[in-house]
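Breakdown of the fold
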Amino acid sequence: MSDIPHQNLAIIGHVDHGKSTLVGRLLFETGSVPEHVIEQYREEAEEKGKGGFEFAYVMDNLAEERERGVTIDIAHQEFDTDKYNFTIVDCPGHRDFVKNMITGASQADNAVLVVAADDGVAPQTREHVFLARTLGIGELIIGVNKMDIVDYSEDKYNGVKEEVNKLLKQVQFRSDDATYIPISAFEGDNIAERSDNTDWYDGEILLEALNSLPEPEPPTDAPLRLPIQDVYTISGIGTVPVGRIETGTMNMGDMVSFQPSDVGGEVKTIEMHHEEVPKAEPGDNVGFNVRGIGKDDIRRGDVCGPADDPPTVAETFKAQIVVMQHPSVITAGYTPVFHAHTAQVACTIESLDAKIDPASGEIAEENPDFIQSGDAAKVTVRPQKPLSIEPAGEISELGSFAVRDMGQTIAAGQVLSVNEK
Ligand code: GDP
């Protein structure tokens, strides 16, 4: 669509601190709400005798649609600044943010942390910052929001700033890189225009800060990794696995391998948006057909890669995990379900190798007896069924996972090394 560089942006923060409102504001200020929608709001507003402030109607409408359950999902909304084309990736509280963030379905480059000036650091502020740090979010812009509620008080702003800064230090976020901005998502202060209400502030406003984000790293030269979402049988073509290319490229004629199913063949056709294409790249959702592969040979959770550099299958792997919420304690032998890319496999935490001090990143305790909510640890994991997974240091897209149990995400982690099958 646009030629400007792309960024995936996460909007994180505690519930009710103003994430959706901020997204609405950004869409509105950058002219990304479709004209006909604005027009419709304008008409409705005038009918109700409240003409003039379309933003309120954008937001009202978001709220109303949310109540009706037909959310204009704020995730996957796009807006352009002068410098970047941004896609908002899943926002916390919307669907399964934590899981999506971890499993790479919504890998964000950078994030805006929304903290309400009247509430400060709250439980989910901590959780999301913790996750952002674990999952390698690059830079954080901290919007100290709802400044209108605290009368644009510089003292309040500085108080929240200090609190957040302490949190960033605790989890070892490079806090020098963080940008703090006093904003009101609702009133529009310091979003697209410098506000007269905060004359004590002379730093960047939000759109400037977004433009100042570093360009995301170009796609790696990692080999093809395409986690399989589904496998279809289509008459006239045959077996068609579908999925999203995470890294590398797929060309017609390539020899590929599916792991852990351990079958392979030559790519006959690649289809994208119902059209045949000769080649597909990272981010492309494709269906393809491989000579000699039947529907029962492969399954969801397999990863497709080059035959001469096939996806890694783990006998065991070492990982660093962060426990987010667990009602009791985790000990060696615990076997929850690991969600990595499209795979879901029960895995046993075979040993707790070290507890990490989140403040310093140093080992706090070797071979702890247990770990609990809030702890970070190095562990050894044994999948109970074959699982294809990669060290995050080599292919980050295939190197993180969520740990789920009892219907909740209880931990998140990244693969440090893989002991291959
Ligand atoms: P989310 O849960 O983080 O997405 O929060 P919402 O965007 O839904 O906002 C929660 C509530 O705070 C809503 O009633 C918003 O209207 C209100 N709100 C959000 N931003 C501001 C702001 O800058 N100023 C004021 N006064 N209210 C705000």
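Residues numbered from 1 in each chain as written. Predicted model: local features only at pLDDT ≥ 70, side-chain atom pairs only at ≥ 80, totals over all residues. Heavy atoms only, no water.

Helices and strands together make up the secondary structure of the protein chain, namely seven helices and 23 strands. Taking all 421 residues of the protein chain together, the buried fraction comes to 51%. Contacts spanning at least 24 positions in sequence make up 71% of the contacts within the protein chain whose residues lie at least 6 apart. Here the protein chain displays about 19,200 Å² of accessible surface, and carbon together with sulfur accounts for 44% of that area. (Helix = DSSP H or I, 4+ residues; strand = E, 2+ residues; numbered from the N terminus. Buried < 20%, exposed > 50% of the residue type's maximum accessible area, 1.4 Å probe, protein only. Contact = heavy atoms within 4.5 Å. Areas by Shrake-Rupley, 256 points an atom, 1.4 Å probe, with all protein chains shown as cover.)

Turning our eyes to something else, we now look at the nonpolar core. Formed by 56 residues in total, the largest nonpolar core has its most connected members in Leu 22, Ile 142, Val 164, Leu 168 and Leu 210. Within the second largest apolar cluster, 26 residues are counted, among which are Phe 317, Ala 377, Ile 410 and Ala 411. (Core = buried A, V, L, I, M, F, W, Y, C linked by side-chain atoms within 4.5 Å.)

Another point: the packing of aromatic side chains. This structure, assessed with the given rule, holds nine aromatic pairs. Between Tyr 157 and Trp 200, the aromatic rings sit 5.3 Å apart at their centres with planes inclined by 45 degrees, giving tilted as the arrangement. Here Tyr 157 is found in helix H6 (residues 154–170), whereas its partner Trp 200 is found in the loop between strand E6 (179–182) and helix H7 (206–211), with 43 residues between them in sequence. Among the residues examined, Tyr 157 registers a relative accessible area of 3% and is labelled buried. (Phe/Tyr/Trp six-rings, centres within 6.5 Å; stacked < 30°, edge-to-face > 60°.)

On to the site of the ligand, then. The immediate surroundings of the ligand are formed by 16 residues, with Asp 16, Lys 19, Ser 20, Thr 21 and Asp 148 found nearest. Here an oxygen atom of the ligand and a backbone polar atom of His 17 are 3.4 Å apart. Lys 19 is positioned with one of its side-chain polar atoms (N or O) 2.8 Å from an oxygen atom of the ligand. Here the ligand has 580 Å² of accessible area as a free molecule, and 76% of this is covered by the chains. In terms of residues, the shell around the ligand owes the most to one element, helix H1 (residues 19–29), which gives three residues. Here the residues of the shell around the ligand are counted per class, giving four nonpolar, seven polar and five charged. (Near = heavy atom within 4 Å. Polar contact = N/O pair within 3.5 Å; in protein donor to acceptor, adjacent residues only side chain to side chain. Nonpolar A, V, L, I, M, F, W, Y, C, P; charged D, E, K, R; others polar.)

One can find Ser 184 in the loop between E6 and H7. For Ser 184, a relative accessible area of 1% translates into the label buried. Only 2.9 Å separates the side chain of Ser 184 from the backbone nitrogen of Glu 187, close enough to count as a polar contact. When residues no more than four places from it in sequence are discounted, the contact partners of Ser 184 are Asn 145, Lys 146, Met 147, Asp 148, Tyr 152, Asp 189 and Ile 191.

Let's shift gears to a nonpolar patch on the surface. On the surface, Tyr 232, Ile 234 and Ile 237 cluster together to form a nonpolar patch covering roughly 250 Å² of accessible area. The topology assignment puts Tyr 232 in strand E7 (residues 226–234). We classify Tyr 232 as partly exposed; its relative accessible area is 40%. (Patch = residues over 30% accessible without salt bridge, like charges linked within 9 Å, V, L, I, M, F, W, Y side chains within 5 Å. Salt bridge = Lys/Arg side-chain N within 4 Å of Asp/Glu carboxyl O.)

Those places that UniProt annotates as "binding site: Mg(2+)" (unreviewed entry) correspond, in this numbering, to Ser 20. When you line up the elements, Ser 20 lands in helix H1. With a relative accessible area of 12%, Ser 20 lands in the buried category. (UniProt positions renumbered as here; feature names shortened; annotations may be inferred.)

The subject of this paragraph is a negative patch on the surface. Residues Glu 154, Asp 155, Asp 196 and Asp 199 make up a contiguous surface patch of negative charge. With respect to the secondary-structure elements, Asp 199 resides in the loop between E6 and H7. (Lys, Arg positive; Asp, Glu negative; His and termini not counted. Charge placed at Lys NZ, Arg CZ, Asp CG, Glu CD.)

With respect to burial, H1 is a largely interior element, eight of its 11 residues being buried. Among the residues of H1, those classed as buried are Lys 19, Ser 20, Leu 22, Val 23, Gly 24, Arg 25, Leu 26 and Leu 27. With its phi angle positive at about 70 degrees, Gly 31 sits one or two positions after the end of H1.

Reading across from one edge, E2-E3-E1-E4-E5-E6 is the order of the six strands in this open sheet, with mixed pairing throughout. Here the strands that pair on one side only, and so sit at the sheet edges, are strand E2 (78–80) and E6. Taking the axes of each pair of neighbouring strands and ignoring which way they run, one obtains an average angle of 25 degrees across the sheet. Relative to strand E5 (residues 140–145), strand E4 (residues 110–116) runs parallel, the two being bridged by six bridges. Within the sheet, the bridge partner assigned to Ala 116 lies in E5 and is Asn 145. Packed on one face of the sheet, H1 meets strand E1 (6–13), E2, strand E3 (85–89) and E4 and runs near 145 degrees to E1. (Pairing = 2+ DSSP bridges. Axes fitted to C-alpha atoms, helices over the stretch in contact; angles between N-to-C directions.)

So, on to the side chain of Thr 247. Structurally, Thr 247 can be placed in the loop between strand E8 (238–244) and strand E9 (250–251). A distance of 2.7 Å separates a polar side-chain atom of Thr 247 from the backbone oxygen of Pro 223.

We now examine the pairing of strand E10 (residues 255–259). The buried fraction of E10 amounts to four of the five residues, a majority that puts the element mostly inside the structure. Here E10 pairs with strand E11 (residues 263–272) via four bridges, running antiparallel. For Ser 257, the partnering residue across the bridge sits in E11 and is Gly 264. Connecting E10 to the antiparallel partner E11 that follows it, the hairpin turn spans three residues, and Asp 262 within it adopts a positive phi of roughly 60 degrees.

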